[in-house]
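Coordinates in review
Letter by letter, the chains look like this.
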Amino acid sequence: MPARTRLVLAAALLAASMPSLCRSQTATPDAAPQTQYVPSPAFDLSSIDAKADPCSDFYKFACGNFAANHPIPADQSGVDQFYVLYNVNTQELSGILQKFAAPSPDRTPNEQKIGDFYAACMNTPLIEKQNLAPIQPLLDKIDSVRKSGLAELAGELQRIGVNAFFGFGEQQDFKDSTKQVAAVDQGGLGLPERDYYTRTGDKDKQIRDQYVAHIAKMLAFAGELPPQATHDAQNILTFETALANASMTVTARRDLEAIYRPQTVAAFQASIAPVDIAPFLEAIHAPAALPGPLGPDSLINFNPAFFPALIAAIHATDIETLRAYLRYQLLTTFATQLPKRINDENFDFYRRKLQGQPKQDPRWKICSNAVDSALGEALGQVYVQQYFPAGSKEKTLAMVHDIESAMDHDLDTLDWMSPATRIKAKEKLHAVADKIGYPDHWRDYSKLSVSPTEPLENVAHATAFENDRELNKIGKPVDKLEWGMTPPTVNAYYNPSMNDINFPAGILQPSFYDPATDVAVNYGHIGAVIGHELTHGFDDEGRKFDGLGNLTDWWTPADAKNFEAKTGCLVNEYGSFTAVGEGKDAVKVNGQLTLGENTADNGGLVLAYMAYLARAKKDGIDITKKTDGYTGAQRFYIAFAQNWCENSRPEQVRNQVLTDPHSPDHFRANGAIVNQPGFADAFSCKQGSPMVPAQSCRVW
Ligand SMILES: [Zn+2]
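Just so we're clear, the structure is a prediction, and the values are computed from it rather than from any experiment. (Residues numbered from 1 in each chain as written. Predicted model: local features only at pLDDT ≥ 70, side-chain atom pairs only at ≥ 80, totals over all residues. Heavy atoms only, no water.)

Covered by surrounding structure in strand 8 (residues 492-495) are Ala492 and Tyr494 together with Tyr493 and Asn495, the residues of both alternating faces. Taking the residues between adjacent antiparallel strands as the criterion, strand 8 and strand 9 (residues 500-504) are bridged by four residues, where Asn499 takes a positive phi near 50 degrees. (Buried < 20%, exposed > 50% of the residue type's maximum accessible area, 1.4 Å probe, protein only. Helix = DSSP H or I, 4+ residues; strand = E, 2+ residues; numbered from the N terminus. Pairing = 2+ DSSP bridges.)

Laid out in structure tokens, this is it:
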């Protein structure tokens, strides 16, 4: 999956409502990269439009030539710096995997697993030949299931990654981060978000029509006669719409107090009567006891209103429709490991229609991603040995420390925060754990077997293995050293329950980090990313967790009010940007949904600049000295904006704005620049010019 523009806040919520958007590509004969991907230069002079006025539109100045120089390849929904590096990293993974795909007695057990997984996935003639055989036993079960057997079957399907009806998983308890507990959540939707079922624009209706047509084709591929398939598909949309109406929006789910609903298992059971949850729990391999927030048998329910509505919808829907629904969910989950006709159709809806990508990803990318997702810490171990020099870890850790010191100073100078809250904020800051590159201990895959001739089963077994590993944590102590991203990932995250910031080796590469470039450029690129993740600990969600990772209110009421006034400024600013479309189909950036990310972008850039100035002073660097015609301070801001140079398809932008807490890339550049206290000086901009407005927003 292309990890575009994801500097995430891993709120560690269940991803149960996520559709299988990333499992939708197919077989092409390209066994190896045909394009040689190269990293962007750390300081990209070719993207700068020197004719543009940096004080009027800084994005146009820093990134004005990017789109012309980076036409979107047919097999991508867009291109930006994350995509450029993602392609480089994936090419490197594919090189590693091709080597180990050849059978050899010299392979270590992990090398055998990653190599055979890749070889099986690449064997598209075998996938065609096997046809539906690998899922036939499950299709048979679905064909004969009765309503009384749905709970058990849902457990079996969820264990291998099928999005059946709702979500179930393991979760650090928001209010006691030392506990790992069970959690249930809304889920079961095939479209990306509940609003896709409820919005009323022409484009929305068109997408729903396309979704129904897509489901009908998939069901026909699995043996239904076309008229029956169309009838079932329409009924599936009706069923999912009932689930959507009982689901919370992505925006509403940012209020963590509102979604944190501890329940005893008995109370949860009562809410889904007459369905018995026990066969589900057994089938998904949940532990026999579920010690949780309310005692020995309890859990967190992220949306209690969803479950009675789910039961009512199941009651109101005939069993043929429910069987068709599960059949469709099974097919879409495993589409990349099924014959071309199914894989192509799945791609056509989720990637071509929803994201505008004309052509499927090449097979080597699909299979490299599949191994990364199934065996990420086995593949990642080889990746870091080959592509992450020891010095990079040390140097980026020093930058992290610089930026943490900058935040310490920043807290001292904030005029809106009282001493009492300041003390608590500092406690939290000083408790942040820094994780750089890769885990200190690697996951053990010895109990997972991988076959060179079972592509679909490999994916199912790896998903079940990971499911069991996750559920096995319930009731056990937290492993603070665990990572939530694999080492080659081009991304970073803050986890509020762990209170840690995490930077995988995959993003500590050019253009984001280059040991050979100047301090200004590295602080503008990866320094702003580091500041971004650190600021997540203090955004609208993160601020509600304390230094121990517990959801608790450590703010004085006056300071909380000040904070909300400050962030309200950002909600208005970003909410005024129109991302795509016109009239009724216009989609604006959702200022509330993107608030956490925008707060992190703005605060992160302030901190990175403070850290850069302090570092320059310490090392005797003259920030007015020009390189390539730009001063150090200018290079810092240009490097930051160039993190967000992009060329995107409108469908991709639309999908992002409706579902993603991140603003589209180019708004992330100017949206933060207009609020930077150091920017006007660096470019000698007049007060009142578009990039230096009289009113600006400042939280951190
Ligand atoms: Zn973020």
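So that's the structure; there's more coming.
Cis geometry marks the peptide bond from Ala273 to Pro274; its omega dihedral reads 5 degrees. Tracing the backbone through its elements, the reader meets Pro274 in the loop between helix 12 (265-271) and helix 13 (278-283). A cis amide bond, omega 10 degrees, links Pro510 with the succeeding residue Ser511. Within the secondary structure, Ser511 sits in the loop between strand 9 and helix 21 (519-536). Of note in the backbone geometry, Phe165 takes a positive phi value of approximately 75 degrees without being a glycine. The phi torsion at His285 lies on the positive side, around 65 degrees, for a residue other than glycine. With respect to the element layout, His285 can be found in the loop between helix 13 and strand 6 (298-301).

You can see Gln360 is positioned in the loop between helix 16 (340-355) and helix 17 (363-387). Of note is the side chain of Gln360, whose polar atom sits 2.6 Å from the side chain of Asp344. (Polar contact = N/O pair within 3.5 Å; in protein donor to acceptor, adjacent residues only side chain to side chain.)

Bringing the packing of aromatic side chains into the picture now. What describes a pair of aromatic rings is the distance from one ring centre to the other and the angle between the planes of the rings. A complete count under the given rule lists 46 aromatic pairs for this structure. Both rings, one in Tyr211 and one in Tyr328, keep their centres 6.3 Å apart while their planes meet at 80 degrees; by these two values the pair is edge-to-face. Note that Tyr211 is positioned in helix 9 (residues 202-221) and Tyr328 in helix 15 (residues 319-333), a separation of 117 residues in sequence. By the burial criterion, Tyr211 is buried, and Tyr328 matches it. Between Trp416 and Trp700 the ring centres are 5.4 Å apart and the planes differ by 55 degrees, which places this aromatic pair in the tilted class. Separated by 284 residues along the polypeptide, Trp416 in the loop between helix 18 (390-413) and helix 19 (419-431) and Trp700 in the segment after helix 27 (679-683) bring together distant segments of the chain. (Phe/Tyr/Trp six-rings, centres within 6.5 Å; stacked < 30°, edge-to-face > 60°.)

With 200 residues, the main nonpolar core has Phe58, Phe165, Phe168, Leu375, Tyr637 and Trp700 as its most contacted residues. Setting aside chain neighbours within four positions, we find Phe165 in contact with Leu150, Ala154, Gly187, Gly188, Phe239, Leu243, Phe306, Leu310, Ile314, Leu322, Tyr325 and Leu326. Judged by nonpolar contacts, the second largest core, of ten residues, contains Ala183, Leu256, Tyr260 and Phe302. (Core = buried A, V, L, I, M, F, W, Y, C linked by side-chain atoms within 4.5 Å. Contact = heavy atoms within 4.5 Å.)

Looking at the secondary structure, you find Gln263 in strand 5 (residues 262-264). Overall, the relative accessible area of 15% leaves Gln263 in the buried class. With 30 residues separating them along the chain, Gln263 and Pro293 place their C-alpha atoms 7.8 Å apart. If we skip the residues at most four places from it in the chain, Gln263 touches Phe268, Leu294, Ser298, Leu299, Asn301 and Pro304. One polar contact links Gln263 to Asn301, side chain to side chain, over a distance of 3.1 Å.

For the rest of this paragraph, the subject is helix 9. Taking 1.5 Å per residue, 20 residues should reach 28 Å; helix 9 reaches 29 Å between its end C-alpha atoms and fits that length. Contact partners of the buried residues in helix 9: helix 8 (195-198), helix 10 (226-245), helix 15, helix 16 and helix 25 (650-659). A positive backbone phi angle near 110 degrees is found at Gly223, which sits one or two residues after helix 9. (Expected span 1.5 Å × (residues − 1).)

All right, on to helix 7 (residues 150-159) then. Note that an α-helix has 3.6 residues per turn; residues three or four places apart therefore point the same way. Counting buried residues in helix 7 gives eight out of ten residues, a clear majority hidden from the surface. Those residues of helix 7 lying buried are Leu150, Ala151, Leu153, Ala154, Gly155, Leu157, Gln158 and Arg159. Following helix 7 by one or two positions, Gly161 has its phi on the positive side, about 95 degrees.

With respect to the helices and strands, Ala229 occurs in helix 10. Owing to a relative accessible area of 1%, Ala229 belongs among the buried residues under this scheme. Taking the C-alpha atoms as reference, Ala229 lies 58 Å from Glu394; in sequence the two are 165 residues apart. For Ala229, the residues in contact, after removing those within four places along its chain, are Ala216, Leu219, Ala220 and Glu224.

A few words on the sheet that holds strand 6. With mixed pairing, four strands are arranged side by side in an open sheet as 3-4-6-5. In this open sheet, the two strands that pair with only one neighbour each are strand 3 (167-173) and strand 5. Averaged over all pairs of adjacent strands, the angle between strand axes in this sheet comes to 40 degrees, irrespective of strand direction. Looking at chain direction, strand 4 (residues 176-185) and strand 6 are connected through three bridges and run parallel. The residue bridging Ala183 from the neighbouring strand is Ile300, located in strand 6. (Axes fitted to C-alpha atoms, helices over the stretch in contact; angles between N-to-C directions.)

Quick look at the confidence of the model for the chain now. On average, residues of the chain score 94 in pLDDT, and 95% of them are at 70 or above. Note that residues 1-29 has pLDDT below 50 and, in this model, 141 contacts with residues that lie over four places away or in other chains. (pLDDT = per-residue confidence, 0-100.)

Between helix 22 (residues 557-575) and helix 23 (residues 595-619), the shortest axis-to-axis distance is 10 Å and the interhelical angle comes to 105 degrees. For the element pair helix 22 / helix 23, the angle class is roughly perpendicular. In this structure, helix 22 contributes Thr567, Leu570, Val571 and Tyr574 to the contact, and helix 23 contributes Leu595, Asn598, Thr599 and Asn602. (Parallel < 35°, antiparallel > 145°, perpendicular 65-115°, else oblique.)

It is worth spelling out the state of the cysteines at this point. Within this structure, the stated rule accounts for four disulfides. Two residues share a disulfide in this structure: Cys63 and Cys645, whose sulfurs sit 2.1 Å from each other. What sets the handedness of the Cys63 and Cys645 disulfide is the S-S torsion sign, and at about -80 degrees it is left-handed. Taken together, the residues span a long stretch of sequence, with Cys63 in helix 1 (residues 58-63) and Cys645 in the loop between helix 24 (632-642) and strand 12 (646-648) at a distance of 582 residues. Cys63 sits in the buried class, given a relative accessible area of 3%. (Disulfide = S-S within 2.5 Å.)

Quick look at the pattern of salt bridges now. Summed over the entire model, instances satisfying the criterion amount to 38 salt bridges. Here Asp500 makes a salt bridge to Lys435, at a shortest N to O gap of 2.8 Å. Of this pair, Asp500 sits in strand 9 while Lys435 sits in strand 7 (residues 433-437); the two residues are 65 residues apart in sequence, bridging distant segments of the chain. When its relative accessible area of 2% is taken as the criterion, Asp500 is described as buried. With a relative accessible area of 10%, Lys435 lands in the buried category. Put simply, Glu170, Glu377, Arg443, Glu466, Arg469, Glu470, Lys473 and Glu482 are held in one network by salt bridges that share partners. (Salt bridge = Lys/Arg side-chain N within 4 Å of Asp/Glu carboxyl O.)

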